[in-house]
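Coordinates in review
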Amino acid sequence: MINIEVIQGDITKLKVDAIVNAANCSLLGGGGVDGAIHRAAGPELLQACIPLKGCETGHAKITPGFKLPAKFVIHTPGPVYRDGQHGEPALLESCYKSCLALAEENNCETVAFPAISTGVYGYPWKEATEIAVNTVHDYPARNIKKVIFCCFSAQMKKIYQEVLQRV
Ligand code: AR6
């Protein structure tokens, strides 16, 4: 079973095998955590993303981490939250599963996730956290030993801790 840890901090600082980027379908950068990851990784990250030709919502693609302390960046576009009735939960679950599958394929033992879709994309925090925690908890891992949920705010960290207590 995967060991789950919750921290508050900046995901770009983490020395793990892979960090996950809450990207958009272009994979060409943006604001939020995506902007922070591209800034910290340096311009080579954008050069590596261009030939990937984008990514569908709920899927994931991997690049090196370049100047980041993390070896890899796994880019996944989360769903834009409308009302929860447009497939958002299944798409968000698919983001976490796709990232974990890519991490496994690349022999990653430690993976850090931001709270995908909970910023600009407007996913309600508690619902998103339940999907994140349950999907990682239930994942049949082979190589992955530890997942870090890297929360940007103290409020988000508190929600993750509450949800984790119940699984
Ligand atoms: N480390 C960890 N978490 C962070 C960091 C950081 N350095 N910066 C922000 N967060 P968002 P989304 C948190 O908006 O909702 C981009 O423009 C933030 O507090 O980055 O999936 C993309 O290009 C929030 O909890 O991603 C897309 O267009 C979480 O990361 C769009 O935003 C996700 O917020 C994707 O929107």
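Residues numbered from 1 in each chain as written. Predicted model: local features only at pLDDT ≥ 70, side-chain atom pairs only at ≥ 80, totals over all residues. Heavy atoms only, no water.

A few points about the nonpolar core
- Tyr96, Phe113, Val136, Val147, Phe149 and Tyr160 are the most contacted members of the largest nonpolar core, which has 34 residues in total.
- A total of 7 residues in this core trace back to one element, the largest contributor, which is helix H3 (residues 88-105).
- Here Phe149 is in contact with Ile4, Glu5, Val6, Ile7, Tyr96, Phe113, Ala132, Val133, Val136 and Tyr160, once residues within four sequence places are set aside. (Core = buried A, V, L, I, M, F, W, Y, C linked by side-chain atoms within 4.5 Å. Buried < 20%, exposed > 50% of the residue type's maximum accessible area, 1.4 Å probe, protein only. Helix = DSSP H or I, 4+ residues; strand = E, 2+ residues; numbered from the N terminus. Contact = heavy atoms within 4.5 Å.)

Here we look at the environment of Gly87
- Assignment of secondary structure puts Gly87 in the loop between strand S4 (72-77) and H3.
- Judged by relative accessible area, which is 35%, Gly87 ranks as partly exposed.
- C-alpha separation for the pair Gly87 and Ile7, spaced 80 residues apart in sequence, amounts to 29 Å.

Things to note about the site of the ligand
- Neighbouring the ligand are 22 residues, the closest being Asn24, Gly31, Asp34, Thr118 and Gly119.
- Here Gly119 contributes a backbone N or O atom positioned 2.8 Å from an oxygen atom of the ligand.
- Here Tyr121 contributes a backbone N or O atom positioned 3.0 Å from an oxygen atom of the ligand.
- When the ligand is considered free in solution it has 700 Å² of accessible area, and contact with the protein chains removes 88% of it.
- Contributing elements (two or more residues each) for the shell around the ligand: strand S2 (18-23) and helix H1 (32-41).
- Among the elements that make up the shell around the ligand, the one with the highest residue count is H1 (4 residues).
- Its residues assigned to classes, the shell around the ligand comprises 11 nonpolar, 9 polar and 2 charged. (Near = heavy atom within 4 Å. Polar contact = N/O pair within 3.5 Å; in protein donor to acceptor, adjacent residues only side chain to side chain. Areas by Shrake-Rupley, 256 points an atom, 1.4 Å probe, with all protein chains shown as cover. Nonpolar A, V, L, I, M, F, W, Y, C, P; charged D, E, K, R; others polar.)

Re helix H4 (residues 125-138)
- With 14 residues, H4 extends 20 Å from end C-alpha to end C-alpha; this agrees with the ideal 20 Å at 1.5 Å per step.
- Three or more residues of H4 are buried, namely Ala128, Thr129, Ile131, Ala132, Val133, Thr135 and Val136.
- Against the buried residues of H4 lie strand S1 (3-8), H3, strand S5 (110-113), strand S6 (146-151) and helix H5 (154-165). (Expected span 1.5 Å × (residues − 1).)

What about unusual backbone geometry?
- With a phi angle near 60 degrees, Leu27 is a residue other than glycine that sits in the positive phi range.
- Relative to the helices and strands, Leu27 resides in the loop between S2 and H1.

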